[in-house]
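Residue-level structure breakdown
What follows is the residue order along each chain.
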Amino acid sequence: MGKVANLHLEKGRALKVAGRYDEALAELRTALSEEPECAEAQHQIGLVLGFVGEFDDSLAALQRAVDLDPGNTTARNDLALTYAMLGMYDEARAAFGEVLRLDPANEKARTNLDLFP
């Protein structure tokens, strides 16, 4: 990842943590415009969109992050949690199951999957 994109990504993460979601989205989208294949920018955008209640767009961004980086179990867990939060339990179970397929020791996925047998 280039320096400029990374700077925007880190600033976007910090703004997200501070609850400044509009500014966070602007920074993260700038990072994405610099590096269109940046899975982590997509992941962070998906989280912020979920925080502001834009769930369809959140799911799309989280899925894109997973598509860009299939081994990213953190993004997969966040996608699964979003599915669960929206009552999409079959999708949540499948996503948590995929995390465990990739990382059998992933306690977060195992704990969450136990909630949706």
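Residues numbered from 1 in each chain as written. Predicted model: local features only at pLDDT ≥ 70, side-chain atom pairs only at ≥ 80, totals over all residues. Heavy atoms only, no water.

**Some remarks on the overall build of the chain**
Where we set the bar: Helix numbers and strand numbers start at the N terminus; a helix is a DSSP run of H or I with at least 4 residues, a strand a run of E with at least 2. Both definitions apply: the radius of gyration is a C-alpha atom measure, and the globule rule equals 2.2 Å times residues to the power 0.38. Only protein chains enter the calculation, and the probe is 1.4 Å; a residue is then buried if its accessible area is under 20% of its type maximum, exposed if over 50%, and partly exposed in between. Note on contacts: a residue pair qualifies if any of its non-hydrogen atoms lie within 4.5 Å across the two residues. All tallies of charge rest on Lys and Arg as positive and Asp and Glu as negative; His and the ends of each chain are not included. Charge positions come from single atoms, namely NZ of Lys, CZ of Arg, CG of Asp or CD of Glu.
Counting its regular elements, the chain contains seven helices and zero strands. Radius of gyration (C-alpha) of the chain: 14 Å, near the 13 Å computed for a compact globule of 117 residues. A principal-axis box enclosing the C-alpha atoms of the chain has dimensions of 40 × 25 × 20 Å. Here the chain, with 117 residues, has 42% of them falling under the buried criterion. Considering only intrachain contacts with a sequence separation of at least 6, the fraction spanning at least 24 residues in the chain is 42%. One way to put it: in the chain the 12 positive side-chain charges average out to a point 4 Å from where the 20 negative ones average out.

**Some details on a negative patch on the surface**
The following threshold applies: Surface patches are drawn from residues lacking salt bridges whose relative accessible area is over 30%; two like charges belong together within 9 Å, two nonpolar side chains (Val, Leu, Ile, Met, Phe, Trp, Tyr) within 5 Å. In short, Shrake-Rupley with a 1.4 Å probe defines the accessible areas, and a residue's cover is counted only from the protein chains shown. In what follows, salt bridge is the name for a side-chain nitrogen of Lys or Arg lying within 4 Å of a carboxyl oxygen of Asp or Glu.
Together, Asp22, Glu54, Asp56 and Asp57 line one region of the surface with negative charge. Within the secondary structure layout, aspartate 57 lies in helix 4 (residues 55-68). Looking at aspartate 57, the relative accessible area reads 44%, which means it is partly exposed.

**Notes on the packing of aromatic side chains**
How two aromatic rings sit relative to each other is set out by the distance from centre to centre and by the angle between their planes. To keep things clear, this is the line we draw: Pairing of aromatic rings covers Phe, Tyr and the six-membered ring of Trp, with a centre-to-centre limit of 6.5 Å; geometry is then stacked below 30 degrees between planes, edge-to-face above 60, and tilted otherwise.
Enumeration according to the criterion identifies one aromatic pair in this entry. Relative to phenylalanine 51, the ring of tyrosine 21 has its centre 5.5 Å away and its plane inclined at 50°; by these criteria the two rings are tilted. Residue tyrosine 21 is located in helix 2 (residues 21-34), and its partner phenylalanine 51 is located in helix 3 (residues 39-51); the two are separated by 30 residues in the primary sequence. On the basis of relative accessible area, tyrosine 21 is assigned to the partly exposed category, the value being 26%.

**As for helix 6 (residues 89-102)**
Under the convention used in this document: Given a helix with a known number of residues, its expected span is that number minus one, times 1.5 Å. Relevant arc is that of directions from the helix axis to the C-beta atoms, nothing else.
With 14 residues, helix 6 extends 20 Å from end C-alpha to end C-alpha; this agrees with the ideal 20 Å at 1.5 Å per step. For helix 6, the full list of buried residues reads Ala92, Ala95, Phe96, Val99 and Leu100. For helix 6, the angular spread of buried residues about the axis comes to 140°, placing them on one side. With respect to the buried face of helix 6, the exposed residues turned more than 90 degrees away are Asp90, Ala94 and Arg101. Where helix 6 is buried, its residues meet helix 5 (73-85) and helix 7 (107-115).

**Comments concerning the nonpolar core**
As a rule of thumb, nonpolar side chains are buried together in soluble globular proteins. In plain terms, the rule: Nonpolar cores are built from buried Ala, Val, Leu, Ile, Met, Phe, Trp, Tyr and Cys residues. Side-chain atoms within 4.5 Å join them into one set.
If you look at the biggest cluster of nonpolar residues, it comprises 16 residues, and the most contacted ones within it are Leu79, Tyr83, Ala92, Phe96 and Ala109. Those elements that provide at least two residues to this core are helix 4, helix 5 and helix 6. If sequence neighbours within four positions are ignored, phenylalanine 96 has contacts with Asn77, Ala80, Leu81, Ala109, Asn112, Leu113 and Phe116. Among the nonpolar cores identified, the runner-up in size contains 13 residues, and Leu15, Leu28, Val48 and Leu49 belong to it.

**So, the pattern of salt bridges**
Counting across every chain of the model gives eight salt bridges. The partner of glutamate 10 in a salt bridge is arginine 13, with the nearest N and O atoms 2.5 Å apart. With glutamate 10 and arginine 13 both in helix 1 (residues 3-17) and three residues apart, this pair spans about one turn of that helix. For arginine 13, a relative accessible area of 25% corresponds to the partly exposed category.

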